[in-house]
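Here are the chains, one letter per residue:
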Amino acid sequence: MRSLLKGKKGLSTVVTTLIILVVAVLLATVVTYYAINMTTTRVQEENLRIIKAHVWANSTTQVAGFVIANIGGRDTLIDKIQVRGQVMDWASCYYNRSASAPTGDLTYLDPTAEATLTPADDDLSLKSGQYMTMYINQPGTISVGDVGVTCSITVFTASAQYKVEVNVESAS
């Protein structure tokens, strides 16, 4: 019996170690792929759209108006707004939240005299699926001489920035 066992050959230690190592790496890869797949499909992302954007100017006043649509799967906080690269003071921003997008295009108005608009005093929250109509009084360095010139409006959140370019229009 003893001579029967001595005649059998087995796998060497190196080959056995390599097999165990390859199986461990494959198993770790499968578990990692599964975890990444589960977290990316389950995480809801922030996604804003700036629509109906306008910047109006005449010899006495300048106003920017736009609608922010939160089409992502989570609520968001708007940290700051820039017009033509200048950060807007919250005291010059006026807003109105709604569950649906405003019908028709935005029109020029004096945001300080509009009763439906609320003056902003700090960062603005926007729930998923909501819309925010925003007017900014005296935005940046806009003047009547800028009519026809392209101007950027950028909305910043904690994780992203959303930008739109518009032409400055004449305010009537």
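All residue numbers here refer to positions counted from 1 along the written sequence of the relevant chain. A pLDDT threshold of at least 70 governs which residues receive local features in this predicted model, and a stricter bar of 80 or more applies before side-chain atom pairs are shown or counted, although totals over entire chains, interfaces and linings include all residues. Hydrogens and water molecules were not included; the side-chain quantities draw on all heavy atoms of the structure.

Engineer: So, the environment of L48: which residues are in play, and what are the values?
Structural biologist: Segments assigned H or I by DSSP are reported as helices when at least four residues long, segments assigned E as strands when at least two residues long, and all are numbered from the N terminus. Following the sequence through the fold, L48 ends up in strand β1 (residues 48-57). The cut-offs for exposure are 20% and 50% of the maximum accessible area for each residue type, with area from a 1.4 Å probe on protein chains only; residues under the lower value are buried, those over the upper are exposed, and the others partly exposed. Its relative accessible area of 2% is what places L48 among the buried residues. For L48, the residues in contact, after removing those within four places along its chain, are I68, A69, N70, T76, L126, T157 and Y162. Note on definitions: a residue-residue contact is assigned when non-hydrogen atoms from the two residues lie within 4.5 Å.

Engineer: Summarise the pattern of salt bridges; cite the residues concerned and give the values.
Structural biologist: For this document, the term salt bridge refers to a Lys or Arg side-chain nitrogen within 4 Å of an Asp or Glu carboxyl oxygen. Taken as a whole, this structure holds two salt bridges when the rule is applied. Linking D146 and R84 is a salt bridge whose minimum nitrogen-to-oxygen distance equals 3.0 Å. Of this pair, D146 sits in the loop between β8 (131-137) and β9 (150-157) while R84 sits in the loop between β3 (76-83) and β4 (86-87); the two residues are 62 residues apart in sequence, bridging distant segments of the chain. When its relative accessible area of 14% is taken as the criterion, D146 is described as buried. E165 is the salt-bridge partner of K163, the closest N and O atoms lying 3.8 Å from each other. For K163, a relative accessible area of 56% corresponds to the exposed category.

Engineer: Can you lay out the side chain of T133 for me, pointing to particular residues and giving the numbers?
Structural biologist: Along the chain, T133 turns up in strand β8. Taking relative accessible area as the criterion, T133 reaches 10% and is therefore assigned buried. Leave out the neighbours within four places in its chain, and T133 touches F66, V67, Y94, Y95, N96, P102, L106 and L117.

Engineer: Account for the packing of aromatic side chains, naming residues and giving values.
Structural biologist: Each Phe, Tyr or Trp ring, with Trp reduced to its six-membered ring, pairs with another whose centre is within 6.5 Å; inter-plane angles below 30 degrees give stacked pairs, above 60 give edge-to-face pairs, and intermediate values give tilted ones. Per the counting criterion, the structure on display carries two aromatic pairs. Here W56 and Y108 contribute two aromatic rings whose centre-to-centre distance is 6.0 Å and whose plane-to-plane angle is 70 degrees, an arrangement assigned as edge-to-face. Here the residue W56 occupies a position in strand β1, and Y108 occupies one in the loop between β5 (93-98) and β6 (118-119), the gap between them amounting to 52 residues. Overall, the relative accessible area of 26% leaves Y108 in the partly exposed class. Seen from their ring centres, W56 and Y135 are 6.3 Å apart, and the 15 degrees between their planes marks the pair as stacked. Placement of the pair is W56 in strand β1 and Y135 in strand β8, with a sequence separation of 79 residues. Residue class for W56 comes out buried when judged on its relative accessible area of 5%. Through a chain of ring-to-ring contacts, three or more aromatic side chains come together here, namely W56, Y108 and Y135. In this scheme, the term charge over a ring applies when either NZ of a lysine or CZ of an arginine sits within 6 Å of the ring centre and within 35 degrees of the ring normal. Over the aromatic face of F156 sits the side chain of K80, whose NZ or CZ is 4.6 Å from the ring centroid.

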